[in-house]
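Fold and contact review
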Amino acid sequence: SAVISQKPSRDICQRGTSLTIQCQVDSQVTMMFWYRQQPGQSLTLIATANQGSEATYESGFVIDKFPISRPNLTFSTLTVSNMSPEDSSIYLCSVGGRQVDMQYFGPGTRLTVL
Amino acid sequence: TQLLEQSPQFLSIQEGENLTVYCNSSSVFSSLQWYRQEPGEGPVLLVTVVTGGEVKKLKRLTFQFGDARKDSSLHITAAQTGDTGLYLCARGNYQLIWGAGTKLIIKP
C-alpha cells in the first residue's frame, strides 16, 4: 500500500485568488490522479498526472484553471486558479496500486471559497 | 460512458439492523471494487471482486459479484455505528469509473 499526505488539509480563500495543493507519496509511483468531490457525493476525476509529461485533463477541466505539476515520482501539486465559490469542494489525490484496478487516496483538502 | 449505478443513495438505519447496497451496470466488467470513505478521509479500498458469482466476506460485510459480472452488492449484517460512511463502487483500469455513492448512517 501507499501512504499519501496532502497539504493543506483545509483552507478558506477569497474569490479571485489561487491555492496550490500538495500531494506527497511515500513511494515512487507512475500515475497520480486528482479528484474533486462534493461532501457525501461521488468522485469526479480532474486529471491524471504522469511524471515527465503534461497532465491529461478530463472533460470540463482545463490546464489554465487547474495547473498541475509532477516534478518527480513521489510528489504532485494541483493549483486551483482564480477561485470562485463554485470551486468550494474537497480535492483528493490518489495513486495507482500494484493492481491496475485499485487506488490509494490522500485524506483530501477541503476548500471553501468566499 | 459505462456508468455505474448505485442504490440507495442514502440510507439511515438503527444499529443492529442489516442492509444491502447495490452497484449495477449495463456492461460487463472484469472487476469491481468497493471503497468506504469516512468524513475527513479519502476512500479506502475494502475489496475487489473479479469472478462472476464470487462472494467475499470482510467480518460483517459480504460482497457479491453477479454471475454475469454486471452487478455487485454489499451486505452488512448487524450494522454498527462504525460502519457509518460513504460507500463507493468503482470499476476500470488505471482511471476508475465511480458509482454515485451510498451515504450510510448507522444510528445508535
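Model, not experiment: these values are computed from the prediction. (Residues numbered from 1 in each chain as written. Chains lettered and ligands numbered in written order. Predicted model: local features only at pLDDT ≥ 70, side-chain atom pairs only at ≥ 80, totals over all residues. Heavy atoms only, no water.)

1. With respect to the overall build of chain A
For chain A, the count of helices and strands is 0 helices and 11 strands. Taking 114 residues into account, the globule formula puts the C-alpha radius of gyration at 13 Å, and chain A, at 13 Å, falls close to it. With respect to the three principal axes, the spread of C-alpha positions in chain A is 40 × 30 × 25 Å. Burial analysis of chain A (114 residues in total) assigns 47% to the buried set. A separation of at least 24 residues holds for 52% of the contacts in chain A among residues at least 6 apart in sequence. Counting every atom, chain A has about 5500 Å² of accessible surface; 47% of that belongs to carbon and sulfur. Distance between charge centroids for chain A: 7 Å, based on 8 positive and 8 negative side chains. (Helix = DSSP H or I, 4+ residues; strand = E, 2+ residues; numbered from the N terminus. Rg over C-alpha atoms; globule rule 2.2 N^0.38 Å. Buried < 20%, exposed > 50% of the residue type's maximum accessible area, 1.4 Å probe, protein only. Contact = heavy atoms within 4.5 Å. Areas by Shrake-Rupley, 256 points an atom, 1.4 Å probe, with all protein chains shown as cover. Lys, Arg positive; Asp, Glu negative; His and termini not counted. Charge placed at Lys NZ, Arg CZ, Asp CG, Glu CD.)

2. Structural notes on the pairing of strand β8 (residues 75-80) of chain A
Residues and elements named next belong to chain A. Burial of β8 is extensive: 6 of the 6 residues sit out of reach of the surface. Both faces of β8 are covered, namely the face carrying F75, T77 and T79 and the face carrying S76, L78 and V80. In this structure, strand β3 (residues 19-25) lies alongside β8, joined through 6 bridges in antiparallel fashion. Looking at β8, one finds that T20 is bridged to T79. (Pairing = 2+ DSSP bridges.)

3. Some points on the state of the cysteines
All names here are of chain A. Taken as a whole, this structure holds 2 disulfides over all chains when the rule is applied. In this model, C23 is linked to C93 through a disulfide, with the two sulfur atoms separated by 1.9 Å. Residues C23 and C93 are joined by a disulfide whose S-S torsion is about 70°; by sign, that bridge is right-handed. Here the residue C23 occupies a position in strand β3, and C93 occupies one in strand β9 (residues 89-96), the gap between them amounting to 70 residues. Across this residue pair, the class does not change: C23 and C93 are buried. In this model C13 remains outside any disulfide bridge; the closest cysteine sulfur is found in C93, 17 Å from its own. (Disulfide = S-S within 2.5 Å.)

4. Describing the interface of chain A and chain B
Between chain A and chain B, the residue contacts involve 19 residues of the former and 20 residues of the latter. Regarding the contact of chain A and chain B, the summed buried area is about 1600 Å², with carbon and sulfur atoms giving 55% of it. Our count for the chain A to chain B interface comes out at 0 salt bridges. Our count for the chain A to chain B interface comes out at 6 residue pairs in polar contact (both at pLDDT 80 or more). Secondary structure elements with two or more residues in the side of chain A that touches chain B: β4 (31-37), β5 (43-50) and β10 (103-105) of chain A. Looking at the side of chain A that touches chain B, its residues break down into 10 nonpolar, 7 polar and 2 charged. (Buried area = accessible area lost by both parts, 1.4 Å probe. Salt bridge = Lys/Arg side-chain N within 4 Å of Asp/Glu carboxyl O. Polar contact = N/O pair within 3.5 Å; in protein donor to acceptor, adjacent residues only side chain to side chain. Nonpolar A, V, L, I, M, F, W, Y, C, P; charged D, E, K, R; others polar.)

5. What to know about the pairing of β4(A)
Residues and elements named next belong to chain A. Most of β4 sits inside the fold, with 6 of its 7 residues counted as buried. As consecutive antiparallel partners, β4 and β5 are separated by 5 residues, and within that stretch G40 has a phi angle of approximately 80°, a positive value. Relative to β9, β4 runs antiparallel, the two sharing 6 bridges. Bridge pairing in β9 links F33 to S94.

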